[in-house]
Amino acid sequence: KTSKGEVFNFKSVDEEFNQVQLAGSIGIADLFHASAYWAKGDDETEDDDAKFKGFEIAGGIHPELSDSTDLELEVFYGKRDWDNYESGKYKGLGFGFRSMLADKFELGIKARWYDMEEEYENTCNNFCSGSSDEIGLSISGRYSFTPAISLGVTLFNEDPQYGDSDNALRIDGRWSFGDIL
């Protein structure tokens, strides 16, 4: 439960979505956590290539279920803006588990419910809006080379924060700064 600095690089499994993300998180009193990220990238899952940028903030709790497993509960809010006159905001809830399967290997699974609000310009140059509910699922693995440095791989399925792609693969490096709070 430490503060972390992370650099994420996302590449969708179908190679139509690319994202670079800078993220940070902090654990507080071995129970609470807060995180934020900023991202930019390209989304080619629609008819045209759209560039985007966005952010997300989140907070939650991660109580221990056993010596090696934590329950994760979170609330989050995020926003994305595309250069093709489309923007979207989302908020939601996350639920998952993470467990140390070995001294240096962690496995995680998470479900996130998204309440999405979108605005876009249609073919008649009128702005439209809409809302939807989405569920995103992820499974992740993380290998710790040292207590401070690790490498993670996450597969996302139907997660709307990663474009219209059905699946996305994230590879990330993490540097943990140590216990701050």
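Bear in mind that the values here come from a model prediction, so they are computed numbers and not experimental data. (Residues numbered from 1 in each chain as written. Predicted model: local features only at pLDDT ≥ 70, side-chain atom pairs only at ≥ 80, totals over all residues. Heavy atoms only, no water.)

**Q** Could you clarify how one ought to interpret the overall build of the chain in this entry?
**A** Looking only at helices and strands, the chain features zero helices and 10 strands. The helix and strand sequence of the chain, counted from the amino end, reads β-β-β-β-β-β-β-β-β-β. Within the chain, buried positions represent 36% of all 181 residues. Partitioning the intrachain contacts of the chain with sequence separation of at least 6 by distance along the chain shows that 46% fall at a separation of at least 24. By element, 58% of the accessible surface of the chain is carried by carbon and sulfur atoms, the whole surface being about 10,300 Å². (Helix = DSSP H or I, 4+ residues; strand = E, 2+ residues; numbered from the N terminus. Buried < 20%, exposed > 50% of the residue type's maximum accessible area, 1.4 Å probe, protein only. Contact = heavy atoms within 4.5 Å. Areas by Shrake-Rupley, 256 points an atom, 1.4 Å probe, with all protein chains shown as cover.)

**Q** Teacher, can you tell me more about the pattern of salt bridges here?
**A** Note that side chains of opposite charge can pair when their charged atoms are close. According to the stated counting rule, one finds 11 salt bridges in the structure shown. The closest approach of N and O atoms between Glu 117 and Lys 91, which form a salt bridge, is 3.7 Å. Here Glu 117, found in strand S7 (residues 105-121), pairs with Lys 91, found in strand S6 (residues 87-102); they are 26 residues apart in sequence, far enough to count as distant. Exposure remark for Glu 117: the relative accessible area of 36% places this residue in the partly exposed category. The partly exposed category is assigned to Lys 91, whose relative accessible area is 38%. Among the salt bridges present, the one from Asp 172 reaches Arg 142, with a minimum N-O distance of 2.7 Å. Of this pair, Asp 172 sits in strand S10 (residues 167-178) while Arg 142 sits in strand S8 (residues 127-144), placing them 30 residues apart in sequence. The burial state of Asp 172 is the same as that of Arg 142; both residues are buried. (Salt bridge = Lys/Arg side-chain N within 4 Å of Asp/Glu carboxyl O.)

**Q** In this structure, what is going on with the environment of Ile 57? I would like to understand it.
**A** If you trace the backbone, Ile 57 turns up in strand S4 (residues 50-61). With 34 residues separating them along the chain, Ile 57 and Ala 23 place their C-alpha atoms 9.8 Å apart. If near-sequence neighbours (up to four positions away) are discounted, Ile 57 is found in contact with Ser 35, Ala 36, Val 75, Phe 76 and Tyr 77.

**Q** Help me understand the confidence of the model for the chain in this model?
**A** In regions of low pLDDT, the predicted coordinates are not meant to be interpreted in detail. Counting all residues, the mean pLDDT for the chain is 80, and 72% of those residues have values of 70 or more. For the chain, strand S1 (residues 3-12) is the element with the lowest average pLDDT, namely 48, and S6 is the one with the highest, namely 93. Within the model, pLDDT remains below 50 along residues 5-13, and this stretch shows 49 contacts once partners closer than five positions in the same chain are excluded. (pLDDT = per-residue confidence, 0-100.)

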